[in-house]
There are 2 protein chains.
Amino acid sequence: MTRVTLQVIAETLAVSTATVSLALRDSPVVAAETKERVQRLAAELGYVYNRSAASLRTARTNMVAVGFHDITNPYFAEVLAAVEDAAMAAGRTILLATYGESLERQARVLRTLREYRPDGMILCVAAGTQKEDLAPLLASGIPLTQLSRETAGVDLDFVGSDDAAGVGLAIDHLVGLGHRRIAMICGMDSYSTGRARRRGYCEGLAAHGIPLDPALMFPAYGTRENGLAAIQAALALPDPPTAAVCFNDLAAFGAMNGLRHLGREAGRDFSIVGCDDVAEAAQWFPALTTVRNRQDEMGRLAAQMLAARIREPGLPTRRVLLEPLLMVRASTAPLRERRVATA
Amino acid sequence: MTRVTLQVIAETLAVSTATVSLALRDSPVVAAETKERVQRLAAELGYVYNRSAASLRTARTNMVAVGFHDITNPYFAEVLAAVEDAAMAAGRTILLATYGESLERQARVLRTLREYRPDGMILCVAAGTQKEDLAPLLASGIPLTQLSRETAGVDLDFVGSDDAAGVGLAIDHLVGLGHRRIAMICGMDSYSTGRARRRGYCEGLAAHGIPLDPALMFPAYGTRENGLAAIQAALALPDPPTAAVCFNDLAAFGAMNGLRHLGREAGRDFSIVGCDDVAEAAQWFPALTTVRNRQDEMGRLAAQMLAARIREPGLPTRRVLLEPLLMVRASTAPLRERRVATA
């Protein structure tokens, strides 16, 4: 590849080097026709805009770092796709790293991501993250948006779901179908979505005058495997539940499978509600009744809030809770025979 | 944040600036105890290693660009997680961008990714990609590994599945169960996995002396929606199939749902085989018989092959086809009543 410079392109096309530079960055101030001529010639010449050098000049890297605990959970894959789409539309590329639920790996990942000097960072923290774990990040002053999971005591932009309200909708629906022995499957106190959904469960039951039975709560990470194990434990109880709210759709899928292993079926012998509404939910058999958590909107909003913060670091922090929707499908049904609660 | 330099850390800890620099990069040549002292002090001082500046000095950015057509397909989310894990273990971070099946967006994304000067790139191309579409990338000399989908006539490292063999296993299994009217659901000629799986279908039938019936092929992108539409079209034929091989698991899930809409069930009235073995496959009801395409291994190998290419650009190109495995589950069953083929 021949080494070419802005100068060569500028001279060839009889425009200024500033115009060439702006055209290569796809700036809206350059006329479309000029931009196309510059970009075509640049491509022919094999010219690659050097972002490393440019970032030292402008102190912008046009990268948004994304630190998520997990992307194999389809919920977060869908959120990530929305973040990437919105960032790309704004001329930024995603720098991605994951850490599972390991605080140690998260610390390492966040340090590494910062080294690339992204313009900002979108974060869904690992379980157990405390304010102190984010101290180096907060001290660095890098623009930051938290997504889905929120760290207590940290004054940062945040976009998530109104998780307590979402589970509240699920409880209202199940109680309306006649259920009173309702289990809470998965969810943990060590992250905010787990706490909020558990709170929604407790408050939802209380609102209907149903006493809380700790035996019906099965705290665990929201995985297919844990959902399956929890439903088996729940149905082995002396006075088993007739319905369950699950921390997320993955746990709900596991629970529906667990029912089948026991010769039972969601929507017939037992009612199951999920949380998230991933693409898979509407496709299950029976289709999963679940709380829609708007992953498209969440990802897009996170990217937009971060972009606003990068432009104006002094903006007041924003905390956006998206309103959940209950998607009633076929995994829930009226209680067939009423049981007398033991409590 | 106070502005600190390597010098300050070096003087405070009475070590050389070279040691500090290596310790901050987590170099194995620095004693673990020294590394910890340096890293702790650096963290306390809010020091962030500047990768932009470092990349101009070393011409390495420690970024691996990943261009995938889609990450909401769980297959590619799982592959991406494996790539990220392996890259992170080797000290590199993922720069991610997606483009759906749009050649225009792919061209833009690939140009943008190159501007960040990643050390290398892992690519799963959009449908319809020709050698010419990759010309700017090839001319740039950036180390590149193709994953899953392969571009004809391009001499690049590649890791994928032996897709024709995988579908061959599926055909053998279905024929062994007595099926002879076997549909091919989804898959397109415009990308290599589609072509190879279609070839596996044709060759598999031929190997069993079953004439090819073009009416039984339903080319389309491998989505849940297309799988559903295809099974409905297939069962509306005058001489419908009794089994189907699907291009991927998503299409298979859609097809299983389509059967239910028609009052039929996979594994009872009809046999369905998927391709990929995503996490969801074993959990469906009935659990999906499918071809395992080893996403963990594929992602890890792609990262490793790329790392080798970055270290030694002159290595001969490698083409690795992973051997698929048929996971026999509950969505396939012996043919109940034999039909006479119309062909």
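The rules behind the values
Residues numbered from 1 in each chain as written. Chains lettered and ligands numbered in written order. Predicted model: local features only at pLDDT ≥ 70, side-chain atom pairs only at ≥ 80, totals over all residues. Heavy atoms only, no water. Helix = DSSP H or I, 4+ residues; strand = E, 2+ residues; numbered from the N terminus. Buried < 20%, exposed > 50% of the residue type's maximum accessible area, 1.4 Å probe, protein only. Contact = heavy atoms within 4.5 Å. Areas by Shrake-Rupley, 256 points an atom, 1.4 Å probe, with all protein chains shown as cover. Lys, Arg positive; Asp, Glu negative; His and termini not counted. Charge placed at Lys NZ, Arg CZ, Asp CG, Glu CD. Buried area = accessible area lost by both parts, 1.4 Å probe. Salt bridge = Lys/Arg side-chain N within 4 Å of Asp/Glu carboxyl O. Polar contact = N/O pair within 3.5 Å; in protein donor to acceptor, adjacent residues only side chain to side chain. pLDDT = per-residue confidence, 0-100. Pairing = 2+ DSSP bridges. Expected span 1.5 Å × (residues − 1). Core = buried A, V, L, I, M, F, W, Y, C linked by side-chain atoms within 4.5 Å. Domains from an automatic or database assignment. Axes fitted to C-alpha atoms, helices over the stretch in contact; angles between N-to-C directions. Least-squares fit on C-alpha atoms with pLDDT ≥ 70 in both. Disulfide = S-S within 2.5 Å.

Draft legend 1. Spotlight on the overall build of chain A. In terms of regular secondary structure, chain A is built from 12 helices and 12 strands. Taken over the C-alpha atoms alone, chain A extends approximately 85 × 40 × 30 Å along its principal axes. Looking at chain A as a whole, 58% of its 343 residues are labelled buried. For chain A, long-range pairs separated by at least 24 residues make up 70% of all intrachain contacts whose partners lie at least 6 apart in sequence. For chain A, the exposed area adds up to about 13700 Å²; of that, 53% sits on carbon and sulfur atoms. Each charge sign in chain A was given a centre, from 37 positive and 37 negative side chains, and these centres are 2 Å apart.

Draft legend 2. Region of interest: the interface of chain A and chain B. Between chain A and chain B, the residue contacts involve 53 residues of the former and 54 residues of the latter. Regarding the contact of chain A and chain B, the summed buried area is about 4700 Å², with carbon and sulfur atoms giving 55% of it. Note that Arg105(B) and Glu84(A) form a salt bridge whose closest N and O atoms lie 3.6 Å from each other. For the pair chain A and chain B, the interface holds 12 residue pairs in polar contact (both at pLDDT 80 or more).

Draft legend 3. Expanded view of the confidence of the model for chain A. Residues and elements named next belong to chain A. When pLDDT is averaged along chain A, the result is 91, and 92% of the positions lie at 70 or above. A low-confidence stretch, residues 338-343 (pLDDT under 50), is modelled with 10 contacts involving residues beyond four sequence positions or located in other chains. Two summary scores accompany this predicted model of the complex, namely pTM at 0.81 and ipTM at 0.78.

Draft legend 4. Looking closely at the side chain of Glu265(A). Within the fold, Glu265(A) resides in the loop between helix 11 (249-261) and strand 9 (271-276). If near-sequence neighbours (up to four positions away) are discounted, Glu265(A) is found in contact with Leu259(A), Arg260(A), Phe270(A), Phe285(A) and Pro286(A).

Draft legend 5. Spotlight on the sheet that holds strand 7 (residues 217-218) of chain A. Residue and element names in this part refer to chain A. An order of 7-6-8-9-10-12 is seen for the six strands of this open sheet, with the pairing classed as mixed. Whereas interior strands pair on both sides, the edge strands pair on one side only; in this sheet they are strand 7 and strand 12 (325-327). Across four bridges, the pairing between strand 9 and strand 10 (residues 289-292) is parallel. In the strand pairing of strand 10, Val273 is matched with Thr289.

Draft legend 6. Layout of helix 8 (residues 163-176) of chain A. Residue and element names in this part refer to chain A. The end-to-end C-alpha separation of helix 8 is 20 Å, in line with the 20 Å expected for 14 residues at 1.5 Å each. For helix 8, the set of buried residues is Asp163, Ala164, Gly166, Val167, Gly168, Ala170, Ile171, His173, Leu174 and Val175. One or two steps after helix 8, the chain reaches Gly178, where phi turns positive at roughly 100°.

Draft legend 7. The arrangement of the nonpolar core in detail. Ranked by internal contacts, the top residues of the largest apolar core, which has 140 residues, are Phe68(A), Ile185(A), Ile272(A), Phe68(B), Ile185(B) and Ile272(B). Those residues in contact with Ile272(A) that lie beyond four places of it in its chain are Ile231(A), Ala244(A), Cys246(A), Ala252(A), Ala255(A), Met256(A), Leu259(A), Ala266(A), Leu288(A), Thr289(A), Ser331(A) and Thr332(A). Core analysis: the second largest hydrophobic core is formed by 40 residues, Ala65(A), Leu95(A), Ala126(A) and Ile142(B) among them.

Draft legend 8. Structural context of the domain arrangement of chain A. The domain boundaries assigned to chain A delineate domain 1 (6-49), domain 2 (61-161 + 295-322) and domain 3 (163-293). The straight-line distance from the C-alpha centre of domain 1 of chain A to that of domain 3 of chain A is 57 Å.

Draft legend 9. Region of interest: the sheet that holds strand 9 (residues 271-276) of chain B. All names here are of chain B. Taken in spatial order, the six strands make up an open sheet running 7-6-8-9-10-12, and their pairing is mixed. In this open sheet, the two edge strands, each paired with only one partner strand, are strand 7 (217-218) and strand 12 (325-327). Helix-sheet contacts for helix 8 (residues 163-176) involve strand 6 (182-185), strand 8 (243-246), strand 9, strand 10 (289-292) and strand 12, and the interaxial angle to strand 8 is about 170°.

Draft legend 10. Molecular detail of the relation of the copies chain A and chain B. In screw terms, the move from chain A to chain B is a rotation of 179° and a rise of 0.0 Å along the axis, fitting with an RMSD of 0.2 Å. Here the two chains are linked by the operation of a two-fold rotation axis. When C-alpha positions in chain A are compared against the rotation axis, the closest is assigned to Leu95(A), at 2.1 Å. The fraction of interface residues of chain A whose copies in chain B are also interface residues reaches 98%, indicating that both copies meet through the same surface.

Draft legend 11. Quick peek at the side chain of Asp163(A). Residues and elements named next belong to chain A. Relative to the helices and strands, Asp163 is located in helix 8. At a separation of 2.8 Å, a polar atom in the side chain of Asp163 contacts the side chain of Arg197. Ignoring sequence-local partners within four residues, the contact set of Asp163 consists of Thr193, Ala196, Arg197 and Asn293.

Draft legend 12. A look at helix 6 (residues 103-115) of chain B. When the terminal C-alpha atoms of helix 6 of chain B are compared, their 18 Å separation across 13 residues agrees well with the 18 Å that a helix rising 1.5 Å per residue should span. Within helix 6 of chain B, the full set of buried residues consists of Arg105(B), Gln106(B), Val109(B), Leu110(B), Thr112(B), Leu113(B), Arg114(B) and Glu115(B).

Draft legend 13. Examining the state of the cysteines more closely. Counting across every chain of the model gives zero disulfides over all chains. Its sulfur unpaired, Cys186(A) is 7.1 Å from the next cysteine sulfur, which belongs to Cys246(A). In this structure Cys202(B) is not part of a disulfide, and its nearest cysteine sulfur, from Cys275(B), lies 14 Å away.

Draft legend 14. Up close: the pattern of salt bridges. Residue and element names in this part refer to chain A. Under the definition given, this model contains 40 salt bridges over all chains. Ionic pairing is found between Arg181 and Asp213, a salt bridge with its closest N-O pair at 2.9 Å. Note that Arg181 is positioned in the loop between helix 8 and strand 6 (182-185) and Asp213 in the loop between helix 9 (192-207) and strand 7, a separation of 32 residues in sequence. Asp213 carries the same exposure label as Arg181, and that label is buried. For Arg260, the salt bridge identified is with Glu265, shortest N-O distance 3.4 Å. Pair check on accessibility: Arg260 and Glu265 agree, each one buried.

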